[in-house]
Amino acid sequence: MSEKKLILVVDDDPDLVEAVSMKLEAKSYRVEKAYDGVEAMDKIKLEKPAVVILDVMMPRKNGWEVCDEIKNSKELKDIAVVLLTAVADSVKTTSYTHHDGKTTLADDYVPKPIDLDELMEIVGDHCS
């Protein structure tokens, strides 16, 4: 039996973190949670998850910065990063756009509101 893959869910919305975490746990993944980019990087360095599900707009350190830090690190670059954001749909005067999400170093990109089944399929693809 293979070891359960660890997924880190990072978002400043506790309800979203809980919903995604419950769905992942139902699929037999181990789950860690973080609520901002600084906490996320601390857990990533300590735990080295298989996948990081990462919100873009967060306090202390945003998702773009966390993604770049992961992907530019020799020790962490193999961790899959899935960016989540709704900002392009809900905030018209921001530098964050869906196009930006697709051109970062992230491995995948899911717009909010999240389709949990689609997200589980993406996570499964990165954990196989």
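Residues numbered from 1 in each chain as written. Predicted model: local features only at pLDDT ≥ 70, side-chain atom pairs only at ≥ 80, totals over all residues. Heavy atoms only, no water.

Peer 1: I'd like a description of the packing of helix α2 (residues 37–47) against helix α3 (residues 63–71), backed by residues and values.
Peer 2: Two packed helices can be described by the angle between their axes and the distance between those axes. Here α2 crosses α3 at 20 degrees, and the two axes come no closer than 10 Å. As the angle between them shows, α2 and α3 are arranged roughly parallel. For the element pair α2 and α3, the recorded crossing hand is right-handed. Between α2 and α3, the residues in contact are G37, M41, I44 and K45 and V66, E69 and I70, respectively. In terms of residue class, the contact of α2 with α3 is made up of 4 nonpolar, 1 polar and 2 charged. (Axes fitted to C-alpha atoms, helices over the stretch in contact; angles between N-to-C directions. Helix = DSSP H or I, 4+ residues; strand = E, 2+ residues; numbered from the N terminus. Parallel < 35°, antiparallel > 145°, perpendicular 65-115°, else oblique. Left-handed = near helix turned anticlockwise from the far one by under 90°. Contact = heavy atoms within 4.5 Å. Nonpolar A, V, L, I, M, F, W, Y, C, P; charged D, E, K, R; others polar.)

Peer 1: So what's going on with the pattern of salt bridges? Which residues, and what values?
Peer 2: Overall, the coordinates contain 11 salt bridges when judged by the stated rule. Among the ionic pairs, D11 bridges to K112, the shortest N-O distance being 2.8 Å. Within this pair, whereas D11 is found in the loop between β1 (6–10) and α1 (14–26), its partner K112 is found in the loop between β5 (108–111) and α6 (116–127), the two being separated by 101 residues in sequence. Residue D11 is classed as buried on the basis of its relative accessible area, which comes to 0%. Among the residues examined, K112 registers a relative accessible area of 16% and is labelled buried. Put simply, E32 and K43 hold a salt bridge, and the shortest N to O gap is 3.5 Å. (Salt bridge = Lys/Arg side-chain N within 4 Å of Asp/Glu carboxyl O. Buried < 20%, exposed > 50% of the residue type's maximum accessible area, 1.4 Å probe, protein only.)

Peer 1: Got a sec to walk through unusual backbone geometry? Specific residues and values, please.
Peer 2: Cis geometry marks the peptide bond from K112 to P113, where omega comes out at 0 degrees. Within the fold, P113 resides in the loop between β5 and α6. Backbone geometry places S28, a non-glycine residue, at a positive phi of 70 degrees. Of note, S28 is situated in the loop between α1 and β2 (30–34). Overall, the relative accessible area of 42% leaves S28 in the partly exposed class. Here K48, not a glycine, exhibits a phi torsion of approximately 50 degrees, which is positive. Topologically, K48 is positioned in the loop between α2 and β3 (51–55).

Peer 1: Residues and numbers for a negative patch on the surface, please.
Peer 2: A surface patch of like charges, here negative, comprises D115, E118, E121 and D125. Relative to the helices and strands, E121 is located in helix α6. (Patch = residues over 30% accessible without salt bridge, like charges linked within 9 Å, V, L, I, M, F, W, Y side chains within 5 Å. Areas by Shrake-Rupley, 256 points an atom, 1.4 Å probe, with all protein chains shown as cover. Lys, Arg positive; Asp, Glu negative; His and termini not counted. Charge placed at Lys NZ, Arg CZ, Asp CG, Glu CD.)

Peer 1: Explain the side chain of D36 residue by residue, including any values.
Peer 2: Among the structural elements, D36 can be located in the loop between β2 and α2. When its relative accessible area of 10% is taken as the criterion, D36 is described as buried. Setting aside residues no more than four positions away along its own chain, D36 makes contact with V10, M58, P59 and R60.

Peer 1: Hey, could you go over the sheet that holds strand β4 (residues 80–85) for me, with residue numbers and the actual values?
Peer 2: If you walk across this open sheet you meet the 5 strands as β2-β1-β3-β4-β5, and the pairing is parallel. Taken across any chain shown, the strands that pair with only one partner, and hence form the sheet edges, are β2 and β5. Here the average twist between neighbouring strands, direction ignored, is 20 degrees. One ladder, built from 5 bridges, connects β1 with β2; its direction is parallel. Residue pairing across strands places L8 opposite E32, the latter belonging to β2. Helix-sheet contacts for α2 involve β1, β2 and β3, and the interaxial angle to β2 is about 145 degrees. (Pairing = 2+ DSSP bridges.)

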